[in-house]
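# Chains, contacts and geometry: an overview
Below are the chains, spelled out letter by letter.
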Amino acid sequence: MATEELDVDLAAREDLQKLGYAQEMSRSRGLLHILFMTLAIMAVPYGLAAPIATSLVGGGPVVMVWGWLLVSAFTQTLALSLAEICSKYPTSAGAYYWCFRLASPKYKVLLSWINGWLTMVGVWTIALSVTFGTAQLIVAGVGIYRPDWVATPWETYVIFLGVTAVALVFCLFFNRYLPTIDILCACWTALGIIVILVCLSVKAAAGRRPISFALGGFDAAASGWTPGWSFFIGLLPPAYTFSAIGMIASMAEEVHDPSKILPRAIAWSVPIGAIWGVVFLLPIVFTLPDAATLLSVPSGQPIGVMFTLAMGSNGGGFALWFIVFGVGLFCAISISCAASRATWAFARDKAIPFHGHFSKISPHISDVPVNALFLSTTIQVLLGLIYLGSSTAFNAFVGVAVMCLGASYAMPVAISVANGRKDVLDAPFSLGRTGNVVNGIAVLWILFAIVLFSMPAVVPVTPVTMNYASVVFIGFAIISAVWYMISTPCFRCAPRGQCTPLTACYFADGRYHYSGPPVPCDMSSAQSPRSTPAPSKLD
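Definitions and limits used
- All chains use their own residue numbering, which begins from 1 and follows the written sequence.
- Whole-chain, interface and lining totals are the exception, using all residues; otherwise, since this is a predicted model, local features are given only for residues with pLDDT of at least 70 and side-chain atom pairs are given and counted only at 80 or more.
- Water and hydrogen atoms play no part in the side-chain values, which are based on all heavy atoms of the structure.
- Under the DSSP-based scheme used, a helix requires at least four consecutive residues in state H or I and a strand at least two consecutive residues in state E, with every element numbered from the N terminus.
- Buried residues are those whose accessible area, probed at 1.4 Å on protein chains only, stays under 20% of the maximum for their type, while exposed residues exceed 50% and partly exposed ones sit between those limits.
- Should any heavy atoms of two residues lie within 4.5 Å, those residues are considered in contact.
- Surface accessibility in these figures is a Shrake-Rupley result with a 1.4 Å probe; residues are shielded only by whichever protein chains are displayed.
- On a range of 0 to 100, pLDDT expresses the predictor's confidence in each residue.
- Two N or O atoms count as a polar contact when they lie within 3.5 Å, although within protein this holds only if one can serve as hydrogen donor and the other as acceptor, and sequence-adjacent residues are included solely when both atoms are side-chain atoms.
- Axes here refer to lines fitted to C-alpha atoms; in helices the fit is confined to the stretch in contact. Angles between the N-to-C directions go from 0 to 180 degrees.
- With respect to orientation, any angle under 35 degrees is reported as roughly parallel, any angle over 145 as roughly antiparallel, any angle of 65 to 115 as roughly perpendicular, and every other angle as oblique.
- Should the near helix be turned anticlockwise from the far one by less than a right angle, the crossing is termed left-handed; should it be turned clockwise, right-handed.
- When a carboxyl oxygen of Asp or Glu is within 4 Å of a side-chain nitrogen of Lys or Arg, the pair counts as a salt bridge.

Attention now goes to the overall build of the protein. Counting secondary structure elements, the protein contains 23 helices and zero strands. Residue burial in the protein is summarised as follows: out of 539 residues, 57% are buried. Sequence separation of 24 or more characterises 82% of the internal contacts of the protein that already satisfy a separation of 6 or more. Total accessible area on the protein stands at roughly 21000 Å², and carbon and sulfur atoms take up 69% of it.

Below, the structure is given as structure tokens:
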């Protein structure tokens, strides 16, 4: 077995060199490890429970159950599309590398640059949404025993710092155990869903709902939208749950046989997550307390109150809350790990200021891009400060995470379709004749999801309820494009290649620093990849 893994890892190293990169991390993850990490990032109970108020506003049980199945079906097309491309280009660079390889020579660098920055904004803010959301879950948990306590923004922010610190410590000092932690997360989630199913079904202290309500109950009055559009607004929680399925690509260079294992993990994660979601949601809709009571919770996070009312006691509610909280904490660790790898990969291609610093793998802590991890964490901490000034502005950054990640996934798929899919015909994980249909549905779904996340959840719109995610999303896209195109005066008066972090040009003119990811033709031989190889366990 060890000999087989060694042979597979040597082949993966050679394949990575053909993509233009050197092997810098040890390959320690198999199919179950990477599949469970994908499910940990998906965090179905957390993803559906944390924003459950939006589902209640959007219509209730119909949106929660049938909306979940609808979004799962659409997301499966995206997962299959990403799996196909990932199987041909299994590198931690992910979607921006795929854009570079698939786009025409005239636009590939610019499209890769924009995609890379959409990815960076997406992974940083989606990680922020998980760590901050977990902090808000803690507030909801405290509220079970202290219902009159309303956390101030500062108190919530301090709790967020604690959650972020826990995720950072695990990613920094327990990296070698993260595959095992992902397995524990899968076990915790599966068993937790079963416990919630049994407890709510047996207790049902708030009453049992008839099947006509659990599977057909719909009330759009709280949203103010027309019933049809209110249903779509209620799809935000399931769309959020599946929003980061492509982040697992950033772990490609730590997987034993990435061209086979990664696409399988991506493709299988959605149906497994969909089943988990159904089992989690059904007992909730059959024992759902009064929606008006849940939506009137001062903290805006009704999950603690919902479980307490359904279980009929604080202890019972807290026990079920703790299951969801555990899933959120596991997710925070896994998603922070994936975000650090994505940051490291983009820095490796000289697309981030101080890229030489952030593209280093620590010689002291095995297989951890420490500087990139601290950069990702620092950005989350700084963005979290926005919550102190305006929760509305902060929510815009959370919404833009889904939009940025969705756009970054859709770009390589759309480019592939525009090229007649000729570049992926020989992909190890091939969609064959169904490729055009599957890819087309995936792109259309992402475009629709971007529109969804641009809309306010309720009308009429006020400055507090306004959704500014679209403004932030377009702003980031424009800034990345302008940053790439702009030239600073010092380029006309200083020799090229002599800019330093002390000169303005170091932060401007992306064209100067970024020439795109490496490709085989960039190398004089297979031994001259973009990065300098570091010692590996295979050596």
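Having seen the structure, we can now continue with the description.
Let us now look at the confidence of the model for the protein. Per-residue confidence for the protein gives a mean pLDDT of 86; residues scoring 70 or more make up 89%. Under a pLDDT of 50 for its full length, residues 487-497 has, in the predicted model, 12 contacts with residues more than four places off or in other chains. The low-confidence segment residues 501-508 (pLDDT under 50) makes 22 contacts with residues lying over four places distant or belonging to another chain.

In this fold, Ser 87 is placed in helix H5 (residues 61-88). For Ser 87, a relative accessible area of 2% corresponds to the buried category. At 2.6 Å, the side chain of Ser 87 and the backbone oxygen of Glu 84 are in polar contact. Within the local environment of Ser 87, its side chain forms a polar contact with the backbone nitrogen of Phe 429, the two atoms lying 3.1 Å apart. Excluding residues that lie within four positions of it along the chain, Ser 87 makes contacts with Ser 259, Pro 263, Ala 427, Pro 428 and Phe 429.

On the secondary structure map, Val 305 appears in helix H15 (residues 303-311). It is 8.7 Å that separates the C-alpha atoms of Val 305 and Gly 141, two residues lying 164 residues apart in sequence. Filtering out sequence-adjacent residues up to four positions away, Val 305 remains in contact with Leu 294 and Val 297.

Take the packing of H5 against helix H21 (residues 435-452) next. Between H5 and H21, whose axes approach to 8 Å, the crossing angle comes to 120°. As judged from the angle between their axes, H5 and H21 are oblique. In the crossing of H5 with H21, the sense of the turn from one axis to the other is left-handed. The residues of H21 that touch H5, namely those facing Val 71, Phe 74, Thr 75, Thr 77, Leu 78, Leu 80, Ser 81 and Glu 84, are Val 438, Asn 439, Ile 441, Ala 442, Trp 445 and Ile 446.

Moving on, we get to the pattern of salt bridges. Tallied over the full model, the rule gives five salt bridges. In this structure, the salt-bridge partner of Asp 182 is Arg 29, at a minimum N-O distance of 3.0 Å. Highlighted residues: Asp 182 in helix H9 (residues 178-203) and Arg 29 in the loop between helix H1 (2-18) and helix H2 (31-42), separated in sequence by 153 residues. For the residue pair Asp 182 and Arg 29, the accessibility class agrees, reading buried in each case. Salt-bridge contacts for Lys 88 lead to Asp 426; the nearest nitrogen and oxygen are separated by 2.9 Å. Of this pair, Lys 88 sits in helix H5 while Asp 426 sits in the loop between helix H20 (391-418) and H21, and the two are 338 residues apart along the sequence.

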